[in-house]
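Residue-level listing of the chains:
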Amino acid sequence: MPRDTHDRDPRYDILFEPMQIGPVTAKNRFYQVPHCTGMGHLRPRTLAEMRRVKAEGGWGVVCTEYNSIHPSSDDLPTPSAALWNDSDIRAHRLMTDAVHEHGALAGAELWYGGHRTANLMTREVSMDLQSVPNAVGHPFQTRAMDRTDIRNLRRWHRNAALRARDAGFDIVYVYCTHTYLLSNFLNPRINTRGDEYGGRLENRTRLIRELIEDTKEAVGDRCAVAVRWAADEQVGKDGQPIHGERREMFEMMAELPDLWDINIADYSLEMGVSRFIKEGSLEPYMDFVKSMTTKPVVTVGRFTSPDAMVSQIRRGVVDFIGAARPSIADPFLPKKIEEGDLSAIRECIGCNICYSGDSTGTPIRCTQNPTMGEEWRKGWHPERIEPAGSDSSVLIVGAGPAGLEAARALGQRGYRVMLAEATTELGGRVSRESALPGMSEYARVRDYRLQQLQEMVNVEVFLDSRMGVEEVMEVGADHVAIATGARWRRDRYNGEVYVDIAAPGSEPLILTPDDIMAGRMPEGDVLVYDEDGYYMGGVIAEALVANGNAVTLASPSESVSEWAGKTSERWRVRRHLAGMGVRFALAQELTLFDGKTATLADVFSGENTTLDVAAVVMVTARAPVDALYQDLMTSVEGDADRLPFTLKRIGDCEAPAIVAAATYAGHRYARELDNAPDPDEPLKHDRVDVGETPEGAHLREE
Ligand code: ADP
Ligand code: SF4
C-alpha cells in the first residue's frame, strides 16, 4: 500500500546538511558506525546487499564491521571482515559499489584483536603487549610484542589501508577501543613497557599517533581517517565515568584524524539492552569531546527519535548521528525522517538479538526487521514487497508478533486480510512481557505494526474473537494462518521427557511466567527455576522482588541467564539481580516441590539440597497453543487438501522461540503466499566457491 508522505519538518533540516570529513563529504549526518553482522569475510554477497539497503535507506555513511588486517588477528568462529589480500578487495568492492550507487560514503574499520583473538582458524600466534591469557576464554596465550612486531603491525595496517582504498572505501579507521590491541597500548595498567611505546602518556599514545599518520600518508589524499576512541577509562561503582587521563590523551591527538568515532569503556552500557540502558546514554561520558577538537564527532545512543538527534547536534554533543541498531531495525530511518513519514519508523527495541548473530557466528537477524540479513539470500527488502499474487482473502488467527507481522505484510501486498484475536488486546506475548520490569520497549514490536495496520483499508482487525473450527469455516477465507502462540509449561524437560516436579500427593503452588504476567503473585519466599536461560528467568525474579518476595534463582546452568550472554546482557543481569538481593543456586536441577520444600540436585555430584519456599515459578519450556490447528486438521482426518482453504501454523504456535523468530515467521508467510520457493531448495547459499580456477578461490554466484 502506498503511504501518504509529506515534506520533512524543517526542524529536521539540520540532519540533512552535507558534512565534510577530511577529503570526502557525507551527504547528511546519518552515520552507520561499524557493526558486526556474523557475515564478514565468510558471506560477502549477503553483507554487500544488506549494507546497500542501508545506503538506499538514506544513511550518509555506511561502514563495515571490523576488518582483520592480518591472519594473526582471526576471530573465527565469529566472522570478522578481512583485508588480507586481493580477494578481500574484490569481496569488499561488492559493498562499496553498492553503497556508492546511493550516494553514500563507505567506511572500513581496520582491526587487530591482540589478546581477544585465539586465531583458531589461522593457527598464527596471537600478539599483545605481554604474554597474557586469551581474554575470551580460549586456552591460548599471546606472545609479547617486540619492536619488530610493532614495525610489522604498522606495515600490515598500512597495507590494509591501501587495500581499503583500492576496494573503494572513503573512510578508513584506526580502531583503538573495545579492549583490542591498540586500546591496550593506551591503558596505563596494561602498558608497562620500558621502551618508547610504554610508560608515560606520550609513549603509550605513540603507536596510535603513528598509525594515524601512516594511514593519512598512505590513503589520506582520497580517504578520510577516522579514529574509534573510548572517551572514558572506566565506569565507577556509582555509574559515573572515570576519565583518568583520557582527556589529556585526547587533547594530544585531537586534531590528528579527520573524524572521531566515540565509544565508552563499558561495552554493556555502550551497547546496552533496553532493560537497563535507554536512548542517548553515552552523552554524560563524552559530552566534553567536541569542545576539544575541531574535527567532526560521531557517537551512538540507540537514537530513533529525530528530536533527540537534533538536540544532540544543536547542543554541540555530536556532528553525526551514529547508529548501529537503529539502522538494523530500520534501514530506512533517514528516508522516513526526510519524507516526514515518522510514524512509519520501526524503532529498535534494544533486545540485542542482532548481536547474537555475531556471538553465534551466524548472519545477523533482528526482532523488529524480519528482512535483516535476508536481503540477498531471500531478496527481501525492508520497505518493498511483491504485490498480491491473487485477489484471495486471508484469515490470521492470533495477533501476537507472528500474526501482526503476517497481517501487516499481507496488507502491504494488497490482500484482503482478517486478523482475529481472542482477547481484547493486540500484541500477544510482547504486550504481556512489556509490562515486566525494564521490558517496556518490547511493546514497539506491537506498536509499529498497529500503526501500519491502521493505515490499511484492506485489513480488518477483530478483537475479542476466539476462533474455533466452526468460526474459521464460517469466515470462508481462501487462506488461514494459525498464529495462536504458546504458553509456559509447569513441568520441566529432563533431556528425554517432560517431568512433573510436584511431590506425589501434594498440591504445591507451581506458577509460570504467564501467571506472573497475569498478576497471580505468590506470597513469601519464592524459587524461580530457570531452564530457559534467556531473559525471562531474570525478569520474573525482578518482578517478584518488586512484589516483596525473597527470591532464589536456580538453574542447571553454571551461569545466570546463560543464553543472554549472546545478547551481551547476562553480566548486567547478574549484577542487577544480586544488587536487589536475589540469591543464586547454579548448577542445580529442581527435582521435587511439596509446597514447602524444594529439592535441588547438584548437576555434577547429584547431591541433594533443600530450600524452604512457598512457591516455585517454572521458567522452563513452552507448549504450543495449537489446538485450533490440530482441530482443523482432525476435521479432515489429517488431510489438509480437503480443507476449503490453505492452512499453515506460524510463530510460537508452530515452534516456540524468540520474538524475532515469530516476526520472521509472520513475514515469511506473507512473502510466500502465492509465491512459494522450492521447498526442497529454500535457501540461496553465499559461499566462496573453489571450483574453477586452480590458482585459488574466487567468488561465483550459486
Ligand atoms: P507469537 O509469538 O507466535 O506471535 P503470541 O503468543 O505472542 O504468539 O500470540 C498469540 C496470540 O493468539 C495471543 O494474543 C492469543 O490471545 C491469540 N489466540 C490464541 N488462541 C486463539 C484463538 N483460538 N482465536 C483467536 N486468537 C487466539
Ligand atoms: Fe534493535 Fe533488537 Fe533489532 Fe537489534 S535485534 S536492532 S536490538 S530490535
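Everything quoted here is computed from the prediction, not taken from an experiment. (Residues numbered from 1 in each chain as written. Chains lettered and ligands numbered in written order. Predicted model: local features only at pLDDT ≥ 70, side-chain atom pairs only at ≥ 80, totals over all residues. Heavy atoms only, no water.)

Colleague: How do you make sense of the sheet that holds strand β30 (residues 615–619) when you look at a structure like this?
Modeller: Within a sheet, each strand pairs with its neighbour through backbone hydrogen bonds, oriented either parallel or antiparallel. Across the sheet, which stays open at both edges, the five strands sit in the order β23-β30-β24-β25-β26 with parallel pairing between neighbours. Two strands bound the open sheet, and with one partner strand each, they are β23 (510–511) and β26 (583–586). With respect to the sheet, helix α19 (residues 535–546) is in contact with β24 (526–530), β25 (551–555) and β30, its orientation differing from that of β24 by roughly 170°. (Pairing = 2+ DSSP bridges. Helix = DSSP H or I, 4+ residues; strand = E, 2+ residues; numbered from the N terminus. Contact = heavy atoms within 4.5 Å. Axes fitted to C-alpha atoms, helices over the stretch in contact; angles between N-to-C directions.)

Colleague: I tried to follow the environment of Tyr529 on my own but got confused; where do I start?
Modeller: Within the secondary structure, Tyr529 sits in strand β24. Counting along the chain gives 27 residues from Tyr529 to Pro556, while the straight-line C-alpha distance between them is 8.8 Å. Contacts of Tyr529, omitting those with residues within four sequence positions, involve Arg492, Ala554, Ser555, Pro556, Gln588, Glu589, Leu590, Val617, Met618, Val619 and Thr620.

Colleague: It is not clear to me how the site of ligand 1 should be interpreted in this structure. Could you clarify?
Modeller: The full set close to ligand 1 counts 23 residues, and Ala402, Glu421, Ala422, Arg429 and Asp652 are the nearest of them. Here an oxygen atom of ligand 1 and a backbone polar atom of Ala402 are 2.8 Å apart. Here a nitrogen atom of ligand 1 sits 3.0 Å away from a polar atom, N or O, in the main chain of Met467. A total of 580 Å² of accessible area belongs to ligand 1 in isolation, and the protein chains cover 94% of it. Among the detected pockets, ligand 1 sits in the second largest pocket. Where the shell around ligand 1 is concerned, the elements lending two or more residues are α14 (401–413) and α15 (429–433). Of the residues contributing to the shell around ligand 1, the split by class is 10 nonpolar, eight polar and five charged. (Near = heavy atom within 4 Å. Polar contact = N/O pair within 3.5 Å; in protein donor to acceptor, adjacent residues only side chain to side chain. Areas by Shrake-Rupley, 256 points an atom, 1.4 Å probe, with all protein chains shown as cover. 1 Å grid on protein atoms, 1.4 Å probe; cavity = no way out; pocket = protein on both sides within 12 Å on 5 of 7 lines; lining within 4 Å. Sits in = over half its atoms within 2 Å of the grid points. Nonpolar A, V, L, I, M, F, W, Y, C, P; charged D, E, K, R; others polar.)

Colleague: Where do I start with the site of ligand 2 in this structure?
Modeller: In the neighbourhood of ligand 2, the contacting residues comprise Arg325, Ile328, Ala329, Cys348, Ile349, Gly350, Cys351, Asn352, Ile353, Cys354, Cys366 and Thr367. Elements supplying a minimum of two residues to the shell around ligand 2: α11 (325–329) and α13 (353–360). In terms of residue count, the dominant contributor to the shell around ligand 2 is α11 (three residues). Each residue belonging to the shell around ligand 2 can be placed in one class, and the counts come to eight nonpolar, three polar and one charged.

Colleague: Looking at this structure, I do not really get the sheet that holds strand β17 (residues 416–420). What am I missing?
Modeller: If you walk across this open sheet you meet the five strands as β18-β17-β16-β19-β32, and the pairing is parallel. Because the sheet does not close on itself, it has two edges, and the strands there are β18 (459–462) and β32 (646–649). The mean angle between the axes of side-by-side strands here comes to 15°, regardless of whether they run parallel or antiparallel. Bridge analysis of strand β19 (residues 479–482) against β32 gives four bridges, and the strand direction is parallel. Along β32, the bridge assignment pairs His479 with Thr646. The strands touched by α14 within the sheet are β16 (393–397), β17 and β18, with β17 carrying the most contacts at an inclination of about 165°.

Colleague: What is the right way to read the UniProt feature "domain: FAD/NAD(P)-binding" (unreviewed entry) in the protein from this model?
Modeller: In the UniProt entry, the feature "domain: FAD/NAD(P)-binding" (unreviewed entry) is given for residues 393–631. Along residues 393–631 one finds 29% helix and 28% strand; the C-alpha atoms at either end are 21 Å apart. (UniProt positions renumbered as here; feature names shortened; annotations may be inferred.)

Colleague: Help me understand the pattern of salt bridges, please; the structure alone is not making it clear to me.
Modeller: Pairs may arise between side chains of opposite charge once their charged atoms sit close together. Going through the model one piece at a time under the given rule, you end up with 52 salt bridges. Measuring nitrogen to oxygen at the nearest pair gives 3.1 Å for the salt bridge that ties Glu210 to Arg154. Note that Glu210 is positioned in helix α6 (residues 206–219) and Arg154 in helix α3 (residues 147–166), a separation of 56 residues in sequence. With relative accessibility at 14%, the residue Glu210 sits in the buried group. A relative accessible area of 25% means that Arg154 is categorised as partly exposed. Across the pair Asp214 and Arg154 runs a salt bridge, and its minimum N-O distance is 2.9 Å. One end of the pair, Asp214, is in helix α6; the other, Arg154, is in helix α3, and 60 residues separate them in sequence. For Asp214, a relative accessible area of 14% corresponds to the buried category. Within the structure, one salt-bridge network assembled from shared partners comprises Glu49, Arg52, Glu56 and Arg384. (Salt bridge = Lys/Arg side-chain N within 4 Å of Asp/Glu carboxyl O. Buried < 20%, exposed > 50% of the residue type's maximum accessible area, 1.4 Å probe, protein only.)

Colleague: Explain the layout of surface pockets to me, please; I cannot follow it from the model alone.
Modeller: Rolled over the atoms, a probe as big as a water molecule pinpoints where empty space is left. Of the voids in this model, the second largest pocket is the one considered here, and its volume is about 610 Å³. Lining the second largest pocket are 34 residues, with Glu421, Arg432, Thr484, Gly485 and Arg487 positioned closest to its centre. (Points joined across faces, edges and corners; volume = space filled by probe spheres on them.)

Colleague: For this particular structure, what's the right way to read empty space enclosed by the protein?
Modeller: Counted under the stated rule, the structure contains five cavities of 30 Å³ or more. One number sums up the size of the largest cavity: a volume of about 80 Å³. In terms of lining, the largest cavity is formed by 13 residues, of which the most central are Cys348, Cys351, Cys354, Cys366 and Thr367. Tallying contributions element by element places α11 first for the lining of the largest cavity, with three residues. Taken together, the residues that form the lining of the largest cavity break down as eight nonpolar, four polar and one charged. The calculated volume of the second largest cavity comes to roughly 60 Å³. Considering the residues around the second largest cavity, the lining is formed by Arg429, Arg432, Glu433, Ala486, Arg487, Trp488, Asp514, Met517 and Arg622. Within the residue set of the lining of the second largest cavity, elements represented by two or more residues are α15, β20 (486–488) and α18 (513–517). In the lining of the second largest cavity, the residues fall into three nonpolar, no polar and six charged. The two domains that each donate at least three residues to the lining of the second largest cavity are domain 2 (393–485 + 625–672) and domain 3 (488–621). (Domains from an automatic or database assignment.)

Colleague: Even after reading the chapter, I still don't get the domain arrangement of the protein, so can you show me in this structure?
Modeller: Assigned domains of the protein: these are domain 1 (5–359), domain 2 (393–485 + 625–672) and domain 3 (488–621). Using C-alpha coordinates to define each centre, domain 2 is positioned 31 Å away from domain 3. Taken together, the contact between domain 2 and domain 3 spans nine residues of the former and nine residues of the latter. Of the roughly 770 Å² buried between domain 2 and domain 3, counting both surfaces, carbon and sulfur atoms make up 73%. Sorting the residues of domain 2 by area buried against domain 3 places Arg432, Leu436 and Pro437 first, and these three jointly supply 57% of that buried surface. Here domain 2 is connected to domain 3 by zero salt bridges. Counting every contact that joins domain 2 to domain 3 gives two residue pairs in polar contact (both at pLDDT 80 or more). In terms of residues, the side of domain 2 that touches domain 3 owes the most to one element, α15, which gives three residues. Looking at the side of domain 2 that touches domain 3 residue by residue, the class counts come to six nonpolar, no polar and three charged. (Buried area = accessible area lost by both parts, 1.4 Å probe.)

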